[in-house]
Amino acid sequence: MKIVIKETERGFLFKNGKFLRMLVPGKHRIHSRWGETHLKTTIGDQVDVKQTDIHVLLRDKNFAACVTKIEVPDCHIAVYNKDGRIAGALKPGQYYYWNIFHKYTFQLINTCLPRVALPKDTMLLIPTNLYSRVEVPEGQTGLLFYDGKYQEKLGSGSYYFWNSAVKVTCQLIDLRIQQLDINSQEILTADKVTLRLNFVCTYKITDPVRIYNALKNHQEQIYVATQLALREYIGRLRFDELLEQKNSLAEIILGKLREKQGTLFVEFISAGLKDIILPGEIRDIMNTVLIAEKTAQANVIARREEVASTRSLLNTAKLMDENTTLYKLKELEYLERICDKVGNISVGNGNLLQQLSDLLRTKPNDN
C-alpha cells in the first residue's frame with residue numbers, strides 16, 4: 001500500500017499496534033499484510049495526537065526533534081511567542097508545539113503574586129478567565145486587599161490581577177468634594193418651639209485608608225456628626241435668638257464640624273442653612289406680630305407727616321400775617337385754581353367770580 005505525506009503533514013507508522021517511526025513528507029510503501037497501520041496529522045501550532053500517547057511518539061528521534069516541550073508548573077502561566085510575537089498564554093500543564101515552520105518561545109509567570117506585571121496589549125491576548133480587571137475612575141482611589149489584608153492605594157487607571165489562590169478585592173473611595181444634605185430636621189429650641197431645618201455642607205476625604213479601616217459606613221457617621229452639632233447648638237437657643245443668629249448659624253456649625261474632622265478623616269469645606277420651617281401656629285403668630293409692627297410703623301410715619309404738614313402751615317400763616325403782598329399773592333393763587341376748575345358760578349342775583357375779583361381789588365386798609 002502506498003501512502004503520500006504532504007509537506008504540511010507527518011505520518012506515524014504502527015505494526016501490530018506498536019509504534020515504529022514517524023513518516024516524513026513523500027511517498028511511502030507499506031505492507032499491510034504485516035498488520036501495519038499509519039496515522040496522519042496536519043502540522044499546526046500545538047501537537048495534537050489524541051489517538052496515542054505522545055510519550056510513545058517521543059521515542060522517535062525525528063519526532064522529538066520536530067517538537068518543543070513546555071512544562072507549566074502550578075501557580076504559573078506561560079506566555080508563548082510565535083516567531084517573536086505574542087500568541088497566547090497557557091495554564092499549568094504539559095504542552096508540545098511543532099517547531100518545523102515556526103519558532104516558539106515561552107515565558108513563565110508566577111501567578112502566586114496576584115499583581116500582573118505585563119503590558120496592557122499583552123493582556124488582550126491572555127484568556128480572560130485567567131485574570132481579573134479593576135478600574136479606578138478619575139477622582140477616586142482604590143484600596144487594594146489580598147485575602148482581606150490591606151496592601152496599597154491605587155490611583156486612577158486599569159489594573160490586572162491573576163485568578164489565583166489569593167482573593168483580591170479593591171474598595172473604591174471618592175476623593176472629590178461631596179455634598180451632605182440634612183433635610184426636614186426637627187429640632188426643639190430652648191423655649192420648646194419645634195422647628196424644621198434644611199442644612200447642607202460639603203466635605204472631602206483626606207485619609208481614605210483610615211476612613212475605610214476605622215469607620216464603618218463613614219457617610220452615615222458624618223451625617224450623624226452634623227446632625228448632632230445642629231441639635232446641640234440650636235437646642236441652647238431661644239426661638240428669638242435663633243432668628244437673630246440665622247445668618248451666622250452656618251459658620252458656627254461649620255466651626256464645630258471642623259473640630260471633629262480629625263476623627264472623621266475628612267475636611268469640611270463649607271456649610272449653609274437653606275430653610276427654617278415653622279409650625280403652623282407659630283407662623284400665624286409671627287404673621288400677626290409682623291402686621292402689628294408694620295401697622296405701628298405706618299402710624300408713626302403718618303403722625304410724623306401730619307406734624308410736618310402742620311408746622312409748614314404755621315410757618316406759611318406767620319409769613320402771610322407779616323407780609324400783605326404775600327397774602328395777596330396767595331389769594332391770587334387760590335383764585336387761579338378756582339377759575340381753572342369752574343366756568344360761571346352765580347349766587348342769588350350776583351356773579352361770584354365778579355364778587356371775588358372786586359374783593360381782591362379792595363385794599364386791606366379800606367376797611
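Thresholds applied
Residues numbered from 1 in each chain as written. Predicted model: local features only at pLDDT ≥ 70, side-chain atom pairs only at ≥ 80, totals over all residues. Heavy atoms only, no water. Core = buried A, V, L, I, M, F, W, Y, C linked by side-chain atoms within 4.5 Å. Buried < 20%, exposed > 50% of the residue type's maximum accessible area, 1.4 Å probe, protein only. Helix = DSSP H or I, 4+ residues; strand = E, 2+ residues; numbered from the N terminus. Contact = heavy atoms within 4.5 Å. Pairing = 2+ DSSP bridges. Axes fitted to C-alpha atoms, helices over the stretch in contact; angles between N-to-C directions. Arc of directions from axis to C-beta. pLDDT = per-residue confidence, 0-100. Phe/Tyr/Trp six-rings, centres within 6.5 Å; stacked < 30°, edge-to-face > 60°.

## Brief notes about the nonpolar core
Soluble, globular proteins show a tendency: their nonpolar side chains are buried together.
Moving on, step 1. In this structure, Ile 222, Leu 230, Ile 234, Ile 253, Leu 264, Val 266 and Phe 268 are the most contacted members of the largest nonpolar core, which totals 34 residues.
Moving on, step 2. Breaking this core down by element, the ones donating at least two residues are strand S12 (140–146), strand S16 (178–188), strand S17 (194–205), helix H4 (208–214), helix H5 (218–234), helix H6 (239–244), helix H7 (249–258) and strand S18 (266–277).
Moving on, step 3. Aside from chain neighbours lying at most four places away, what touches Ile 234 is Ile 187, Thr 189, Ala 190, Leu 197, Leu 242 and Leu 249.

## Quick look at the sheet that holds S12
Moving on, step 1. Spatially, 3 strands are ordered S13-S12-S15 in an open sheet, and the strand pairing comes out antiparallel. Each edge of the sheet is formed by a strand with only one pairing partner; in this case those strands are strand S13 (149–154) and strand S15 (168–174). Across the sheet, the mean angle separating the axes of adjacent strands is 25° when strand polarity is ignored.
Moving on, step 2. In this sheet, S15 lies alongside S12 in antiparallel orientation, the contact comprising 7 bridges. Residue pairing for S15: Tyr 146 is matched across the bridge by Val 168.

## Side note on H7
Moving on, step 1. Those residues of H7 that sit buried are Leu 249, Ala 250, Ile 253, Leu 254 and Leu 257. One face of H7 carries all of its buried residues, which in axial projection span an arc of 130°.
Moving on, step 2. Looking at the buried positions of H7, the neighbouring elements they touch are S17, H5, H6, helix H8 (261–264) and S18.

## Regarding the environment of Val 168
Moving on, step 1. In this structure, Val 168 sits in strand S15.
Moving on, step 2. For Val 168, a relative accessible area of 26% gives the class partly exposed.
Moving on, step 3. Measuring from C-alpha to C-alpha, the distance between Val 168 and Arg 115 comes to 9.2 Å, with 53 residues separating the pair along the chain.
Moving on, step 4. Among all residues touching Val 168, those that are not within four sequence positions of it are Pro 114, Leu 144, Phe 145, Tyr 146 and Phe 161.

## Notes on the sheet that holds S16
Moving on, step 1. The 3 strands are arranged S16-S17-S18 in an open sheet whose pairing can be described as antiparallel. A single partner strand is all that each edge strand has here, and the edge strands are S16 and S18. In this sheet, neighbouring strand axes are inclined to one another by 20° on average, regardless of whether the strands run parallel or antiparallel.
Moving on, step 2. Sheet analysis places S16 next to S17, joined by 9 bridges and oriented antiparallel. Each residue of the ladder has a partner; that of Gln 179, found in S17, is Thr 202.

## Some words on the confidence of the model for the chain
Moving on, step 1. In this model, the chain carries a mean pLDDT of 82, and residues with pLDDT of at least 70 account for 86%.
Moving on, step 2. The least confident element of the chain is strand S19 (residues 346–347), whose mean pLDDT is 54; the most confident is S12, at 95.

## Remarks on the packing of aromatic side chains
Moving on, step 1. For the structure on display, the rule yields 12 aromatic pairs.
Moving on, step 2. Considering the side-chain rings of Tyr 80 and Tyr 97, the 5.3 Å spacing of their centres and the 45° angle between planes classify their relative orientation as tilted. With Tyr 80 in strand S7 (residues 76–82) and Tyr 97 in strand S9 (residues 93–98), this residue pair connects regions lying 17 residues apart in the sequence. For the pair formed by Tyr 80 and Tyr 97, the shared burial category is buried.
Moving on, step 3. Centroid distance Tyr 80 to Phe 106: 6.2 Å. Interplanar angle 45°. Geometry classified as tilted.

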